Amino acid sequence: MKTQLYIGGRWQDASDGGTFDVLNPADESVLATVASGTVADAMAALDAADAAFDDWRSRKPRERSEILRRAFELFSKRLEHFARLITLENGKARADAMGEAAYSAEFFRWYAEEAVRTEGHLGHAPASGARILVHQKPAGIAVLVTPWNFPAAMGTRKIAPALAAGCPVVIKPASETPLTMLELMPLLEEAGVPPGVVNVLPSRSSGAVVGAMLKDPRVRVVSFTGSTEVGRKLLHAAADTVVKPAMELGGNAPFIVFEDADLDAAADGLMVAKMRNQGEACTAANRIYVHEAVEEPFVERYVARMAALKMGNGLEEGIDVGPLVNAETRDKVAHFVDDAVAKGATVRLGGQRPNVPGFFYPPTVLTKVPDDAECLHDEIFGPVAAIQSFRDEREVIEKANATIYGLVAYLYTGDMRRGLRVSEALDFGMVGLNRGLVSDPAAPFGGTKQSGLGREGAKEGMLEFMETQYISTTW
Ligand code: NAP
């Protein structure tokens, strides 16, 4: 395992020798001791990125594209290896980790293809007759900050478009899960990424290190994925040097099942929307609204599926649900369940924290969850399904939209006119219409309201790392 900082293509200890431990959430043992980057290390990483910028941005798009394509091919050959590391540091079960590894690799393929598709346009100023020549340029050094819930994908979803655009990056992975990102660096070297273009700076002093980088005028983009709370802090910090922000923040996804839905398809969809990553996803269905006419048959189907899941160490064969990432997350999930039950919710499955080592919490289904239960207002981030019933379309749209978040919403209906009508009325950046999964490298991922600014994936994801320039001329 790589445990040092990766700056300018070299592995090094922190300038003050500091380290921190990374735990295996399945048994609470220490997996690795990792260098904890300092502000001085962050400045060294920016120097390395700065030194690499001119060469990288002037490479032909085809050359950048082929390097990204090689990264995709190398990653695709090592899916098992990356999946194992993801499970070790994050806890998610092997099948989930394999899914994340494959998804992570796809960003290199997608942006290998996008790197050669930058476009501009030519206009004609109506009054002066001048020509308006519009094109896109790499924005500059990008600071990337990622969460622990997808240790590989949240990094590659930023690195691949930044590199395609011509930007060097400094990435600060989450302290719970820095190992996967470090492990990616030899692969990128092998693919041909020059030293200094990608630098990795694990650090336990995230506020100080990221704050210092955002004060440096060489940094032109900050791309963050994580909680809305930290996102707000970074937006404040970015204001001082007017750094371009891309923010993928929290969610509180509604999942609506109408009375005309295919209930088996809806239950399968909810398994994905709720249980991918054992609920530790910004896209996780958090508030489940089922039409009262189909509540009981739907709940029966869903409970049967949840009850069939096997919980245990994610590396073991046949395990569907691994531990949560840390004790704090597990305790928060347990608190949400206890709070809902105390306020009158019915436990249909699970609901008891097991007394074993590791940060486990079992698949849990709650019905009749009252409106004032905390889990309906905050991200649960665990394997707990909170179900309410509803009576009519207008009521459920109002409930679904009554949140500060706007990342993703899901709905199941047999009537496509209703599906599209309700989708449009939902104030969310993404809608899963008869689908429990929206993530795709080819789609613009992102939210409205306090779920963020900007998009990742698709053509839009690359524009986050580019600036529009217009040249006024005549001929
Ligand atoms: P978090 O606490 O916000 O941390 C995310 C990252 O920010 C980590 O690398 C963390 O470093 C760093 N950080 C923490 N405080 C900071 C500060 N003051 N200045 C600069 N960086 C700081 O989030 P998390 O608990 O890792 O992840 C869960 C959250 O991410 C959830 O809210 C989830 O919805 C959201 N998320 C959103 C998306 C999306 O695409 N919208 C995707 C995945 C997750 P340390 O680890 O060192 O503290």
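Anything mentioned here points back to the structure above.
Let me begin by describing the structure that accompanies this report.

**Topic: the layout of surface pockets**
Now for step 1: The volume enclosed by the largest pocket comes to roughly 1300 Å³.
Now for step 2: Going through the elements one at a time, α7 (206-215), β10 (219-225), α8 (228-240) and α11 (327-342) are the ones with two or more residues in the lining of the largest pocket.
Now for step 3: Broken down by element, the lining of the largest pocket gets its largest block of residues, six residues, from α8.
Now for step 4: Among the residues making up the lining of the largest pocket, the classes are represented as 15 nonpolar, 13 polar and 11 charged.

**So, the sheet that holds strand β5 (residues 121-124)**
Now for step 1: With respect to topology, three strands assemble into an open sheet ordered β5-β6-β22, the strand pairing being antiparallel. The two strands at the open ends of the sheet, each matched to only one other strand, are β5 and β22 (466-473). Ignoring strand direction, the axes of neighbouring strands in this sheet form an average angle of 25°.
Now for step 2: Pairing analysis gives eight bridges linking strand β6 (residues 131-138) to β22, with the strands arranged antiparallel. Bridge assignment links K137 to a residue of β22, and that residue is E467.

**A word on the packing of aromatic side chains**
The relative placement of two aromatic rings is captured by the distance of their centres and the angle of their planes.
Now for step 1: Summed over the entire model, instances satisfying the criterion amount to nine aromatic pairs.
Now for step 2: Where Y6 meets W11, the ring centres are 4.7 Å apart and the plane angle is 50°; that geometry is what we call tilted.
Now for step 3: With a relative accessible area of 4%, Y6 lands in the buried category.
Now for step 4: What makes W11 partly exposed here is its relative accessible area of 26%.
Now for step 5: On the numbers, 4.4 Å between centres and 25° between planes, the contact of F75 with F82 is stacked.
Now for step 6: In this structure, K2 is placed above the aromatic ring of W11, and the distance from its NZ or CZ to the ring centre is 5.3 Å.
Now for step 7: Here the guanidinium or amino end of R276 rests over the ring plane of Y103, the centre of that ring lying 5.8 Å away.

**So, the site of the ligand**
Now for step 1: Taken together, 32 residues lie around the ligand, and T146, S175, S227, L249 and E379 are the ones closest in.
Now for step 2: Interatomic distance of 3.0 Å between a side-chain N/O atom of W148 and an oxygen atom of the ligand.
Now for step 3: Between the ligand and S175, the relevant distance is 2.5 Å, taken from an oxygen atom to a side-chain nitrogen or oxygen of the residue.
Now for step 4: Coverage of the ligand by the protein chains reaches 87% of its 910 Å² of free accessible surface.
Now for step 5: Put simply, the ligand lies in the largest pocket.
Now for step 6: Looking at the shell around the ligand, the elements with two or more residues in it are α5 (153-165), α7, β10 and α8.
Now for step 7: A breakdown of the residues in the shell around the ligand according to their chemical character gives 15 nonpolar, 11 polar and six charged.

**Points about the pattern of salt bridges**
Where side chains of opposite charge bring their charged atoms close, a pairing between them can arise.
Now for step 1: By the definition in use, this model includes 28 salt bridges.
Now for step 2: Between K399 and D371 there is a salt bridge whose closest N-O contact spans 3.2 Å. Of the two residues, K399 sits in helix α12 (residues 393-401) while D371 sits in the loop between β15 (364-367) and β16 (384-390), which places them 28 residues apart along the sequence.
Now for step 3: Classification of D371 by relative accessible area gives partly exposed; the value is 48%.
Now for step 4: Put simply, E259, D260, E393, R418 and R421 are held in one network by salt bridges that share partners.

**Here's the deal with a nonpolar patch on the surface**
Now for step 1: Together, L122, L133, I471 and W475 make up an exposed nonpolar region whose accessible area comes to about 430 Å².
Now for step 2: Relative to the helices and strands, L122 is located in strand β5.

**Some words on the pairing of β6**
Now for step 1: Of the strand pairs in this sheet, β5 and β6 are connected by four bridges, and their pairing is antiparallel. From the neighbouring strand, H121 faces β6, where its bridge partner is V134.
Now for step 2: Taking the residues that link successive antiparallel strands as the turn, the β5-β6 hairpin has six residues, and the phi of G129 there is positive, at about 85°.

**A short note on the sheet that holds strand β18 (residues 408-412)**
Now for step 1: Here seven strands make up an open sheet; going across it, the order is β14-β15-β16-β13-β12-β18-β19 and the pairing mixed. Where the open sheet ends on each side, the last strands, each with one partner, are β14 (346-349) and β19 (430-433). Going from strand to strand, the sheet's axes swing by 25° on average, the running direction of each strand aside.
Now for step 2: In the sheet, strand β13 (residues 285-291) pairs with β16 via four bridges, with the strands oriented parallel. Looking at the pairing, Y289 lines up with Q388 of β16.
Now for step 3: Strands β18 and β19 of the sheet are contacted by helix α13 (residues 416-425), whose axis makes an angle of about 165° with β19.

**With respect to the nonpolar core**
Buried together is how nonpolar side chains tend to be arranged in soluble globular proteins.
Now for step 1: Ranked by size, the top nonpolar core spans 63 residues in total, and within it F75, F108, I159, L163, L184, L188 and V198 carry the most contacts.
Now for step 2: Residues M271, C282, V299 and V321 belong to the second largest nonpolar core, which totals 33 residues.

**A short note on the environment of V200**
Now for step 1: Position of V200 among the secondary structure elements: in strand β9 (residues 198-200).
Now for step 2: Not counting chain neighbours up to four residues away, the residues in contact with V200 comprise L5, Y6, I171, P173, M181, L182 and M185.

**Overview of the environment of F445**
Now for step 1: One can find F445 in the loop between β19 and β20 (448-449).
Now for step 2: Through-space distance from the C-alpha of F445 to that of V341 is 34 Å; in sequence the pair is 104 residues apart.
Now for step 3: Residues contacting F445, with those up to four places away along its chain left out, are R157, E248, C282, T283, L407, M430, S439, G454, R455 and E456.

**Let's talk about unusual backbone geometry**
Now for step 1: With a phi close to 45°, Q278 is a non-glycine residue in the positive phi region.
Now for step 2: Backbone geometry places N434, a non-glycine residue, at a positive phi of 60°.
Now for step 3: With respect to the element layout, N434 can be found in the loop between β19 and β20.
Now for step 4: Taking the relative accessible area as the measure of exposure, N434 reaches 30% and is therefore partly exposed.

Calculation rules
The residue numbers shown here count from 1 along each chain, following its written sequence. This being a predicted model, a pLDDT of at least 70 is required before a residue's local features are given, and a value of 80 or more before pairs of side-chain atoms are given or counted; all residues contribute to the totals for chains, interfaces and linings. Calculation of side-chain values draws on the structure's entire complement of heavy atoms; hydrogens and water are dropped beforehand. Lining residues are those with an atom within 4 Å of a point, where the points come from a 1 Å grid over the protein atoms alone and group into cavities, where a 1.4 Å probe fits but cannot get out, or pockets, open sets with protein on both sides within 12 Å along at least five of seven lines. Grid points are joined across faces, edges and corners, and a volume is the space filled by probe spheres set on the points. The helix count covers DSSP runs of H or I at least four residues long, the strand count covers runs of E at least two residues long, and both are numbered beginning at the N terminus. The classification used treats Ala, Val, Leu, Ile, Met, Phe, Trp, Tyr, Cys and Pro as nonpolar, Asp, Glu, Lys and Arg as charged, and all other residues, Gly among them, as polar. We call two strands paired when DSSP finds no fewer than two bridges between them. Where helices are involved, their axes are fitted lines through C-alpha atoms of the stretch in contact, as for all axes, and angles between N-to-C directions lie from 0 to 180°. Stacked, tilted and edge-to-face are the three classes assigned to paired rings of Phe, Tyr and Trp, where Trp is represented by its six-membered ring and a pair needs centres within 6.5 Å; plane angles under 30 degrees give stacked, over 60 edge-to-face, the rest tilted. Partly exposed residues are those whose accessible area sits between 20% and 50% of the maximum for their type, while under 20% is buried and over 50% is exposed, using a 1.4 Å probe and protein chains only. Geometrically, a lysine NZ or arginine CZ counts as sitting over a ring once it is within 6 Å of the ring centre and also within 35 degrees of the ring normal. Working definition: residue near molecule or strand if any one of its non-hydrogen atoms lies within 4 Å of it. Two N or O atoms count as a polar contact when they lie within 3.5 Å, although within protein this holds only if one can serve as hydrogen donor and the other as acceptor, and sequence-adjacent residues are included solely when both atoms are side-chain atoms. In this description, accessible areas are obtained by the Shrake-Rupley approach with a 1.4 Å probe, and a residue is regarded as covered only by the protein chains that are shown. Cavities and pockets are treated as containing a molecule whenever more than half of the molecule's atoms lie within 2 Å of their grid points. Here a salt bridge means any side-chain nitrogen of Lys or Arg lying within 4 Å of a carboxyl oxygen belonging to Asp or Glu. In this scheme, patches are assembled from residues that exceed 30% relative accessible area and form no salt bridge. Like charges are connected within 9 Å, while nonpolar side chains (Val, Leu, Ile, Met, Phe, Trp, Tyr) are connected within 5 Å. Any two residues having at least one pair of non-hydrogen atoms within 4.5 Å are treated as being in contact. Note on terminology: a nonpolar core comprises buried Ala, Val, Leu, Ile, Met, Phe, Trp, Tyr and Cys residues joined through side-chain atoms within 4.5 Å.

Treat this as a map of the structure, not an account of what it does.
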